[in-house]
Amino acid sequence: MNQVTNGKAAVLGLQHLLAMYAGAVAVPLLIGMGLGFDEAQMTYLISIDIFMCGVATLLQLMVNKFFGIGLPVVLGCAIQAVSPLIIIGSKNGVGAIYGSIIAAGIFVVLIAGLFSKVKVFFPPIVTGTVITVIGLTLIPVAITKMGGGDASVKSFGNPNSLIQAAITVLLILGVQAFAKGFIRSISVLIGLVGGTIVAWLMGSVSFSAIGHAPIFHVPQPFYFGLPKFDIWSILLMIIISTISMVESTGVYFALGDITGKPVQEDDLKRGYRAEGLAVILGGIFNTFPYTGFSQNVGLVQLSGIKTTRPIYFSAIFLIILGLFPKVGAVAQIIPEPVLGGGMLVMFGMVAVQGMRMLSKVDYADDKNLLIVALSIGLGLGFNSLPTLFQHLPATVQMFTGNGIVMSSVTAIILNLLFHGIKSTK
């Protein structure tokens, strides 16, 4: 089933695009609104974000001696960068945002070789724990979308939203249960399209985004002005980029396990460099830092298609959508509950992939039980209630409020403490 024609690969690529689209546009939307951008600026921000997601993904696919991990990974803007970038922009101006992003991208490229040594700290007990936590921490995001996207409003969880989400999930399950071959591999796409049609019949689909979007758009370097290199802003973005590298490491190992391609030190080095180059280009073209998208890992697992060909199509589609905002706006008509239903299945698959990796661990050793229990407990707990550390410095809170990072750090430290570095080789 891994050998697919270009036509089928294109459809699979579209499925990957729709799976990551909401997460990709969320970052420019949140930052743009946080900084009070006008409609023209927001249009540019979203369009260039989609365009650069395609470019960033291509950088990871095109393997050479310098960059590219060559796994079916899709890159999108890192959600953890939203709050820090709003803070930087509010205090030091938009120029400081992009100066800090460019500097952080250079930092990632320079330390890629050193950071690739982390493979020694990621045996199955660590990678399995981290990937499980990635999936479990993202499930609440899917549930929130299933209810309408904003849990603070009175309409949250209304019957229409629940019906749309449920139909999407049922369609995915139905296709997985009764279809075969290629049709089965695009179950998420069928679920999203079917859920959107039902939502449209219920009057929940708005086409206004298509009407407001321009027909064509050209990427412009330094659209918001020249970058400003502020040292504190740069340090903040370096921290965020380091967090993104930890998350990407989990994504790389998960994809390596799914595709049967062991991830070696050189692979990580090229992967980090591609990510760093994408971040530099993001700073130049006024978009944001990139990281591997976990929802697409679940899609690779669910579809059973483990080659990179569909991802090439997805990257090309993203670039085209970035040039034609009116076409790209079509993906924005998918209602939040429908996206939530699809995400629930995909994030659940990510968690299951982590559990599958954890099945290789020897639980007869009580120390291993402690490592997994405490790492998952802290990861989920801190992620669900980040205000636990609200009296600590903001820099510290960036780490403690990120369940994936806390789970990674805890699992690595406990594994070294109980088993030493020999067990990681």
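Keep in mind the model is a prediction, meaning the values are calculated, not measured.

### Description of the nonpolar core
At step 1: Residues Leu85, Ile101, Tyr272, Phe288 and Tyr290 are the most contacted members of the largest nonpolar core, which totals 122 residues.
At step 2: Take this core: its biggest share by element is 15 residues, from helix α10 (residues 231–259).
At step 3: Counting the residues that make up this core, at least three belong to each of domain 1 (6–125 + 207–335) and domain 2 (362–420).

### Description of the side chain of Asp267
At step 1: Tracing the backbone shows Asp267 in helix α11 (residues 265–284).
At step 2: Among the residues examined, Asp267 registers a relative accessible area of 9% and is labelled buried.
At step 3: Polar side-chain contacts of Asp267 include one of 2.9 Å to the backbone nitrogen of Gln264.
At step 4: The residues contacting Asp267, other than those within four sequence positions of it, are Ile69 and Pro262.

### Observations regarding the domain arrangement of the chain
At step 1: Here the chain is partitioned into domain 1 (6–125 + 207–335) and domain 2 (362–420).
At step 2: Placing the centre of domain 1 and that of domain 2 at their C-alpha centroids yields a distance of 26 Å.
At step 3: Taken residue by residue, the interface counts 12 residues in domain 1 and 13 residues in domain 2.
At step 4: The interface formed by domain 1 and domain 2 holds 0 salt bridges in total.
At step 5: Considering every element that reaches the side of domain 1 that touches domain 2, the biggest residue donor is α10, with 6 residues.
At step 6: Taken together, the residues of the side of domain 1 that touches domain 2 break down into 10 nonpolar, 1 polar and 1 charged.

### Regarding the pattern of salt bridges
At step 1: Enumeration according to the criterion identifies 6 salt bridges in this entry.
At step 2: Between Glu265 and Lys117 there is a salt bridge, and its shortest N-O distance comes to 2.9 Å. In this pair, Glu265 sits in helix α11 while Lys117 sits in the loop between α4 (94–115) and α5 (124–146), placing the two residues 148 residues apart along the sequence.
At step 3: Exposure remark for Glu265: the relative accessible area of 30% places this residue in the partly exposed category.
At step 4: As a salt-bridge pair, Asp257 and Arg356 come within 3.3 Å of each other at their nearest N and O atoms. Here Arg356 lies in helix α15 (residues 336–358) and Asp257 lies in helix α10, a separation of 99 residues in the sequence.
At step 5: Judged by relative accessible area, which is 40%, Arg356 ranks as partly exposed.
At step 6: Three or more residues joined by partner-sharing salt bridges are found here, namely Asp257, Arg356 and Lys360.

### What about unusual backbone geometry?
At step 1: Residues other than glycine seldom take positive phi values, yet Phe222 does so here, at roughly 55°.
At step 2: If you trace the backbone, Phe222 turns up in the loop between α9 (208–212) and α10.
At step 3: Taking relative accessible area as the criterion, Phe222 reaches 31% and is therefore assigned partly exposed.
At step 4: Residues other than glycine seldom take positive phi values, yet Asn286 does so here, at roughly 65°.
At step 5: The topology assignment puts Asn286 in the loop between α11 and β2 (290–292).

### Comments concerning the packing of α10 against helix α12 (residues 294–303)
At step 1: Where α10 contacts α12, the two axes come as close as 10 Å, and the packing angle between them is 5°. Here α10 lies roughly parallel to α12, going by the angle between them. The segment α10 lies against α12, with Val251, Ala254, Leu255 and Ile258 engaging Ser294, Val297, Val300 and Gln301.
At step 2: Here the contact of α10 with α12 is built from residues that sort into 6 nonpolar, 2 polar and no charged.

### Let's talk about the environment of Leu370
At step 1: With respect to the element layout, Leu370 can be found in helix α16 (residues 366–384).
At step 2: Sequence-wise, Leu370 and Ala411 are 41 residues apart; in three dimensions their C-alpha atoms are separated by 9.6 Å.
At step 3: Beyond its immediate stretch of four places on either side in the chain, Leu370 contacts Leu414 and Phe418.

### A word on helix α6 (residues 159–178)
At step 1: In a regular helix each residue adds 1.5 Å, so 20 residues correspond to 28 Å; α6 covers 28 Å between its end C-alpha atoms and thus fits that length.
At step 2: Within the sequence span of α6, burial applies to Ser161, Gln164, Ala165, Thr168, Val169, Ile172, Val175 and Gln176. For α6, the angular spread of the buried residues around the axis is 125°, confining them to a single face. Away from the buried face of α6 by more than 90 degrees, exposed residues Pro159, Leu170, Ala177 and Phe178 are located.
At step 3: Where α6 is buried, its residues contact α5, α7 (181–185), α8 (187–201), α12 and α15.
At step 4: Among the residues of α6, the N-terminal cap falls to Asn158, whose side-chain oxygen and the backbone nitrogen of Asn160 are separated by 3.0 Å.

### Observations concerning the packing of aromatic side chains
At step 1: The full count for this structure, using the stated rule, is 12 aromatic pairs.
At step 2: Summarising the aromatic geometry, the rings of Phe37 and Phe224 are spaced 5.0 Å apart at their centres and angled 25° between planes, so their arrangement reads as stacked. One end of the pair, Phe37, is in the loop between α1 (6–34) and α2 (39–61); the other, Phe224, is in the loop between α9 and α10, and 187 residues separate them in sequence.
At step 3: Since its relative accessible area comes to 15%, Phe37 is described here as buried.
At step 4: Looking at Phe224, the relative accessible area reads 18%, which means it is buried.
At step 5: Where Phe382 meets Phe389, the ring centres are 4.8 Å apart and the plane angle is 85°; that geometry is what we call edge-to-face. Side by side, Phe382 and Phe389 carry an identical accessibility label, which is buried.

So, how was this worked out
Residues numbered from 1 in each chain as written. Predicted model: local features only at pLDDT ≥ 70, side-chain atom pairs only at ≥ 80, totals over all residues. Heavy atoms only, no water. Core = buried A, V, L, I, M, F, W, Y, C linked by side-chain atoms within 4.5 Å. Buried < 20%, exposed > 50% of the residue type's maximum accessible area, 1.4 Å probe, protein only. Helix = DSSP H or I, 4+ residues; strand = E, 2+ residues; numbered from the N terminus. Domains from an automatic or database assignment. Polar contact = N/O pair within 3.5 Å; in protein donor to acceptor, adjacent residues only side chain to side chain. Contact = heavy atoms within 4.5 Å. Salt bridge = Lys/Arg side-chain N within 4 Å of Asp/Glu carboxyl O. Nonpolar A, V, L, I, M, F, W, Y, C, P; charged D, E, K, R; others polar. Axes fitted to C-alpha atoms, helices over the stretch in contact; angles between N-to-C directions. Parallel < 35°, antiparallel > 145°, perpendicular 65-115°, else oblique. Expected span 1.5 Å × (residues − 1). Arc of directions from axis to C-beta. Phe/Tyr/Trp six-rings, centres within 6.5 Å; stacked < 30°, edge-to-face > 60°.

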